[in-house]
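Observations on the three-dimensional arrangement
This is what each chain is made of:
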Amino acid sequence: MLLVLTLVVVSVVESRNALLRTPPMGWMSWELFRCNLGSATDDCSDPSTTHCISEALYKGQADALVARGFLSAGYNAIHLDDCFQASARDPATGQLLANSTRFPSGLPALGRYFHGKNISFALYTAEAPHSCAGYPGSAFHEVLDAATFASMGVDYLKVDGCGSTSYYAQGYKAMGAALEASGRPIAYSCSWPGYINQGNQGSNESLAPFATLIMDGCNLWRNYHDIQCSYGSMLSIVNHWGFWGSVMAPWAGPGHWHDPDMLIIGAGCLTPDEERTQMAIWSVIAAPLIMGNDLRNASEEAVAVLTNPRAIAVSQDPLGQMGLRVEGGDATPSQVWARRLADGSVAVAAFNNLGGVAPQPTCAAWNHTPGGFFNSCGGGLGWFYNASVSAAQARCCENAYCAGILYDEQTASGTFVVDYNCTFVPSTTFSEYTRVGFQPPEGTPLDIDIDLRAAGLDTVRQYEITDIWSGQPLGTIQGQSKFTAGAVPFHGTAFLRFSPA
Ligand code: GLA
């Protein structure tokens with residue numbers, strides 16, 4: 001059985017291009033900035049709209065990527081997401097256009113700005129008539145759009161779905177071929193798997209067409225729900241990867257990766273221990289490390305987690321093998337994750353999952369009463385609605401899969417934005433939420449026993465153990481079947497590297 005599986009996988013996983021031999025690293029605007037279009041006049045010149053989608057925002061993030069050490073740590077791309085587009089294609093040429101008020105210098109100039117700093121230019125479109133936010137999409141325009149993106153200097157293209165699933169087989173193939181024919185190496189991110197099973201996106205990984213995606217030239221693909229800025233959302237993704245890992249792992253490798261969506265580290269919705277958990281597990285599962293924070297004001301502690309060189313070495317290990325959850329399940333007090341590395345080392349993440357259960361994927365009606373309290377998806381965030389709006393009653397989603405907050409760390413205020421994945425929710429935006437404080441969840445530390453054989457260690461061999469967070473050596477081990485990670489903080493993760501001595 002194993003032999004058959006190995007042969008099948010080897011025969012199909014050869015990438016179409018030489019890109020992304022290790023998982024991509026960068027920063028993307030969607031998590032915090034969404035479709036923030038600022039003022040009604042569309043000009044982004046109001047200082048209170050410094051967080052709206054515009055060239056100023058992306059240049060500011062690029063500057064911070066360099067200044068705060070992210071670029072030198074390996075995060076080398078700025079990803080524009082949805083809502084950069086003009087509302088219609090160029091009537092003369094049919095080309096996709098950027099909104100010229102928000103991007104007065106144009107996208108080619110923005111790309112040159114990034115390239116001048118050795119930052120890659122990553123852009124967004126959709127294999128549908130419209131993007132998820134309703135801007136022109138690339139369906140049936142693949143050749144023209146790929147040529148346009150290449151001429152703009154784009155290095156990476158996220159291609160969302162948000163249309164009819166029946167088009168994806170044709171559309172993603174056409175875009176892959178068109179990107180290849182464009183003559184510019186453009187990494188290709190495909191969201192197709194995330195749209196299988198509409199309503200509970202990507203919930204069954206055995207239905208996803210991974211072989212086809214790789215043959216179409218996809219270098220990565222979104223598998224599952226959008227991450228929202230909450231611990232519950234992050235945990236639901238962790239548990240999805242935990243459950244489906246062995247189905248998914250054979251399809252990951254140099255040039256083609258599963259994408260559990262952005263890192264929310266430094267975005268103001270996780271405790272530092274929870275931030276370490278996301279960094280450890282995303283590194284172990286060979287996930288793209290694409291940050292969804294505001295680089296200008298992410299905390300120093302978050303910056304240290306994100307740029308930890310030993311964690312990044314796990315993420316970027318050249319063997320490219322996706323790690324798995326090897327002990328525990330969604331509802332167990334702890335989970336152990338492990339990834340085999342090129343030099344014979346094994347990276348082990350021992351996660352304190354006390355109190356953690358996956359949120360239910362059902363959307364609920366919620367009364368939006370002025371003065372009411374909104375709990376963002378069980379993640380411990382509290383938002384106080386202090387504006388009076390006529391549409392006092394709206395449907396939004398109380399669970400992790402749906403609603404999102406556009407949060408401004410500086411003013412400690414945010415905007416509630418319904419998520420497009422929750423298709424029956426009207427696309428209504430409410431503003432003027434004020435953060436009333438982050439209430440860290442309470443729970444106890446845990447000693448976690450790691451079964452070394454389950455983690456793939458050879459118990460006859462001698463290993464040196466390093467604490468990935470601190471870099472401190474923790475001694476050597478040989479001939480033992482277990483190692484105990486002591487006092488792992490609540491919702492936190494011990495992250496260890498076992499290296500052959
Ligand atoms: C979908 C994607 C997100 C984001 C939005 C933009 O929900 O999954 O990552 O790109 O669309 O509208």
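First, a word on what this report is: a plain description of the structure on this page. On a predicted model such as this, the values are computed, not experimentally measured, just so you know. Along every chain, residues carry numbers that run from 1 in the direction the sequence is written. With the structure being a predicted model, the display of local features is reserved for residues of pLDDT at least 70 and the display and counting of side-chain atom pairs for 80 or more, all residues being used for whole-chain, interface and lining totals. Processing note: side-chain calculations cover all non-hydrogen atoms of the structure and skip hydrogens and water entirely.

**Quick look at the overall build of the protein**
Rules: Only DSSP runs of H or I reaching four residues or more are called helices, and only runs of E reaching two or more are called strands; each is numbered from the N terminus. For the exposure calls, accessible area comes from a 1.4 Å probe over protein chains only, and a residue counts as buried if that area is under 20% of its type's maximum, exposed if over 50%, partly exposed in between. Any two residues whose heavy atoms approach within 4.5 Å at even a single point are treated as in contact. The method behind every accessible area is Shrake-Rupley, applied with a 1.4 Å probe, and residues are considered shielded solely by the protein chains displayed.
When helices and strands are tallied, the protein shows 12 helices and 23 strands. Counting across all 501 residues of the protein, residues that qualify as buried make up 57%. Considering only residue pairs separated by 6 or more positions, the protein has 72% of its internal contacts joining residues 24 or more positions apart. By element, 56% of the accessible surface of the protein is carried by carbon and sulfur atoms, the whole surface being about 18500 Å².

**With respect to the pattern of salt bridges**
What counts, and what does not: What counts as a salt bridge is simple: a side-chain nitrogen of Lys or Arg found within 4 Å of a carboxyl oxygen of Asp or Glu.
Applying the stated criterion across every chain, the model contains 15 salt bridges. Here Asp449 ties to Lys482 by a salt bridge, and the two come within 3.4 Å at their closest N and O atoms. Here the residue Asp449 occupies a position in strand β19 (residues 446-451), and Lys482 occupies one in strand β22 (residues 482-488), the gap between them amounting to 33 residues. Looking at Asp449, the relative accessible area reads 38%, which means it is partly exposed. Its relative accessible area of 44% is what places Lys482 among the partly exposed residues.

**Notes on the sheet that holds strand β6 (residues 220-222)**
Note the following rule: DSSP calls a pair of strands paired once it identifies at least 2 bridges connecting them. Here, axes are lines fitted to C-alpha atoms. For helices the fit covers the stretch in contact, and angles between N-to-C directions go from 0 to 180 degrees.
Strand order across the open sheet formed by eight strands is β7-β6-β5-β4-β3-β2-β1-β8, with parallel pairing between neighbours. Two strands bound the open sheet, and with one partner strand each, they are β7 (257-259) and β8 (289-291). On average, each strand axis in the sheet is tilted by 25 degrees relative to the strand beside it, whichever way the strands run. On the sheet, helix α3 (residues 55-67) packs against β1 (25-28), β2 (77-79) and β8 and is oriented at approximately 155 degrees with respect to β2. Contacting β3 (120-126), β4 (156-160) and β5 (187-190), helix α7 (residues 168-181) crosses the sheet at an angle of about 170 degrees to β5.

**Some words on the packing of α3 against helix α5 (residues 107-115)**
Stated formally: Small angles under 35 degrees read as roughly parallel and large ones over 145 as roughly antiparallel, with 65 to 115 read as roughly perpendicular and the rest as oblique. In this classification, Asp, Glu, Lys and Arg are treated as charged, Ala, Val, Leu, Ile, Met, Phe, Trp, Tyr, Cys and Pro as nonpolar, and every other residue, Gly included, as polar.
The interhelical angle for the contact between α3 and α5, taken along N-to-C directions, is 10 degrees, at an axis separation of 10 Å. Classed by the angle they form, the pair α3 and α5 counts as roughly parallel. For the pair formed by α3 and α5, the contact residues are Glu55, Tyr58, Lys59, Ala62 and Asp63 on the first element and Leu110, Tyr113 and Phe114 on the second. Of the residues in the contact of α3 with α5, the class split is five nonpolar, no polar and three charged.

**Notes on the site of the ligand**
Under the convention used in this document: By convention in these notes, a residue is near a molecule or strand provided one of its non-hydrogen atoms lies within 4 Å of it. Under the rule applied, a polar contact is a pair of N or O atoms within 3.5 Å (in protein, one hydrogen donor and one hydrogen acceptor; residues adjacent in sequence only if both atoms are side-chain atoms).
In the vicinity of the ligand, 12 residues are found, and the nearest of them are Asp81, Asp82, Lys158, Asp160 and Asp226. The contact in question runs from an oxygen atom of the ligand to an N or O atom on the side chain of Lys158, over 2.7 Å. At 2.9 Å, a side-chain N or O of Asp160 approaches an oxygen atom of the ligand. Coverage of the ligand by the protein chains reaches 98% of its 310 Å² of free accessible surface. A per-class count over the shell around the ligand returns five nonpolar, one polar and six charged.

**Notes on unusual backbone geometry**
Excluding glycine, residues mostly carry a negative phi; peptide bonds, for their part, are mostly trans. Positive phi, normally seen in glycine, also occurs at Phe140, with a value near 70 degrees. Along the polypeptide, Phe140 turns up in the loop between β3 and α6 (142-152). The class of Phe140 is exposed, set by a relative accessible area of 61%. Located in the positive-phi region is Cys162, a residue other than glycine, with phi close to 65 degrees. Within the element layout of this structure, Cys162 appears in the loop between β4 and α7.

**Regarding the nonpolar core**
How we decide: Working definition of a nonpolar core: buried Ala, Val, Leu, Ile, Met, Phe, Trp, Tyr and Cys residues. They are joined through side-chain atoms within 4.5 Å.
Tyr75, Leu80, Leu107, Leu123, Met279, Trp282 and Phe495 are the most contacted members of the largest nonpolar core, which totals 113 residues. By residue number, the principal contributor to this core is helix α9 (residues 231-248), which donates eight residues. In this structure, Leu123 is in contact with Leu80, Phe84, Leu107, Phe149, Met152, Val154, Tyr156, Leu157 and Lys158, ignoring residues within four places of it in sequence. Of all hydrophobic cores here, the second largest spans 20 residues; its members include Val336, Ala350, Leu452 and Phe498.

**Some points on the pairing of β4**
The following threshold applies: By convention, a crossover is right-handed whenever its connection, traced from the first strand over the helix to the second and viewed with the strands pointing away, goes clockwise.
Burial analysis of β4 places five of its five residues in the buried class, the great majority of the element. A two-sided burial pattern is seen for β4, the buried positions comprising Tyr156, Lys158 and Asp160 on one face and Leu157 and Val159 on the other. Relative to β4, β3 runs parallel, the two sharing five bridges. Paired with Ala126 across the strands is Asp160, a residue of β4. Read from β3 through α6 to β4, the crossover connection turns out right-handed. One ladder, built from four bridges, connects β4 with β5; its direction is parallel. In the sheet register, Lys158 faces β5, and the bridge partner there is Ser189. A crossover connection joins β4 to the parallel β5 through α7; in handedness this β-α-β unit is right-handed.

**Some words on helix α10 (residues 272-284)**
Quick reminder: α-helices carry 3.6 residues per turn. Residues three or four places apart thus point the same way. Keep this limit in mind: By this rule, a helix spans an expected 1.5 Å times one less than how many residues it contains.
The end-to-end C-alpha distance of α10, which contains 13 residues, comes to 18 Å, matching closely the 18 Å that a straight helix rising 1.5 Å per residue would cover. Along α10, 11 of the 13 residues are buried, which leaves the element largely enclosed by surrounding structure. Every buried residue of α10 is accounted for by Glu274, Glu275, Arg276, Thr277, Gln278, Met279, Ala280, Ile281, Trp282, Ser283 and Val284. At the exit of α10 stands Ala286, carrying a positive phi of roughly 55 degrees.

**Some remarks on the state of the cysteines**
Applied cut-off: Disulfide: a pair of cysteine sulfur atoms within 2.5 Å of each other.
What the rule picks out here adds up to two disulfides. What pairs with Cys132 in a disulfide is Cys162, and their sulfur atoms sit 1.6 Å apart. Here the S-S torsion is close to 100 degrees, and the disulfide linking Cys132 with Cys162 is therefore right-handed. One end of the pair, Cys132, is in the loop between β3 and α6; the other, Cys162, is in the loop between β4 and α7, and 30 residues separate them in sequence. We classify Cys132 as buried; its relative accessible area is 18%. At a sulfur-sulfur separation of 2.1 Å, the disulfide partner of Cys190 is Cys218. Judged by the sign of its S-S torsion, about -90 degrees, the bond between Cys190 and Cys218 is left-handed. With a gap of 28 residues between them, Cys190 in strand β5 and Cys218 in the loop between α8 (210-216) and β6 connect regions that are remote in the sequence. Cys190 gets classed as buried once you look at its relative accessible area, which sits at 0%.

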